[in-house]
Amino acid sequence: ATWSRATGVSGSQQVGVASVDGVQRASLWSGTAASWVDLNPAGATGSGANDIHGSHQVGWAEIDGFRRASLWSGCAESREDLPSFFWSDTVATGIWSDESFIYISGYGFSNDTEGYQALLWTGVVPAPSGAALFTLVGLLAARRRR
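Residues numbered from 1 in each chain as written. Predicted model: local features only at pLDDT ≥ 70, side-chain atom pairs only at ≥ 80, totals over all residues. Heavy atoms only, no water.

Of regular secondary structure, the chain possesses 0 helices and 12 strands. In the chain, the succession of helices and strands from N to C terminus is β-β-β-β-β-β-β-β-β-β-β-β. Once local pairs closer than 6 in sequence are excluded, the contacts in the chain between residues at least 24 apart make up 30%. For the chain, the exposed area adds up to about 8,100 Å²; of that, 54% sits on carbon and sulfur atoms. (Helix = DSSP H or I, 4+ residues; strand = E, 2+ residues; numbered from the N terminus. Contact = heavy atoms within 4.5 Å. Areas by Shrake-Rupley, 256 points an atom, 1.4 Å probe, with all protein chains shown as cover.)

Okay, structure coming up:
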């Protein structure tokens, strides 16, 4: 890597971004450079991990020219798209779980308002071999129309 940046920590693990061969790659470490795990999924032109909670990491992967909010469980192959519906260019920035539900914060670009809006994804904590089903809530700020 020519550079790296840590953006989140949970227990003995850290997440962030490492630039490898000019590509930003979502990354997971366990305290040393030698423990690096490349989370950049196949087909992505770049990615970044922003936060970690327990065994889950969140961030984005750029696919088809758009950032897509993403959830990982420790390896690139585990990446899941978080639903985006009416938003494009979505990024997950934070994650927390109360062991029953997963809460993921982030933002996305709204074509309706032509600007970025806060987003909140919630899902049931999946069984060890299953995937969570997420719902998306747009946290819309009131604004005046001109």
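For the rest of this paragraph, the subject is the packing of aromatic side chains. Taken as a whole and judged by the stated rule, the model has 4 aromatic pairs. Ring geometry for Trp96 versus Tyr103: centroids 5.7 Å apart, planes at 25°, classification stacked. With a relative accessible area of 48%, Trp96 lands in the partly exposed category. When the centroid spacing of 6.5 Å and the interplanar angle of 45° are considered together, the rings of Phe101 and Tyr103 count as tilted. We classify Phe101 as partly exposed; its relative accessible area is 38%. (Phe/Tyr/Trp six-rings, centres within 6.5 Å; stacked < 30°, edge-to-face > 60°. Buried < 20%, exposed > 50% of the residue type's maximum accessible area, 1.4 Å probe, protein only.)

Attention shifts here to the sheet that holds strand β2 (residues 13-20). Taken in spatial order, the 4 strands of this open sheet run β1-β2-β3-β4, and their pairing is antiparallel. At either margin of the open sheet sits one strand with a lone partner, and together these are β1 (3-10) and β4 (37-38). As paired elements, β1 and β2 share 7 bridges and run antiparallel to each other. Each residue of the ladder has a partner; that of Gly8, found in β2, is Val15. (Pairing = 2+ DSSP bridges.)

Checked against the element boundaries, Ser27 lands in strand β3 (residues 23-29). Look at Ser27 and you get buried, because its relative accessible area is 0%. Here Ala18 takes part through its backbone nitrogen, which lies 3.4 Å from a polar atom of the side chain of Ser27. Side-chain polar atoms of Ser27 contact the side chain of Trp36, separated by 2.8 Å. Residues within four places of Ser27 in sequence aside, it is in contact with Gln14, Val15, Gly16, Val17, Ala18, Trp36, Val37, Leu39 and Ala49. (Polar contact = N/O pair within 3.5 Å; in protein donor to acceptor, adjacent residues only side chain to side chain.)

Per-chain confidence: the chain averages 88 in pLDDT, with 86% of residues scoring 70 or above. Scored below 50 in pLDDT, residues 140-146 makes 2 contacts in the model with residues more than four places away or belonging to other chains. (pLDDT = per-residue confidence, 0-100.)

For the rest of this paragraph, the subject is the pairing of strand β7 (residues 66-72). Relative to β7, strand β6 (residues 56-63) runs antiparallel, the two being bridged by 7 bridges. Along β7, the bridge assignment pairs Gln57 with Trp72. Linking β6 back to β7 in an antiparallel pair, the connection comprises 2 residues, with Asp64 at a positive phi of about 55°. Taken together, the 2 bridges between β7 and strand β8 (residues 80-81) define a ladder with antiparallel strand orientation. Residue pairing across strands places Ser70 opposite Asp81, the latter belonging to β8.

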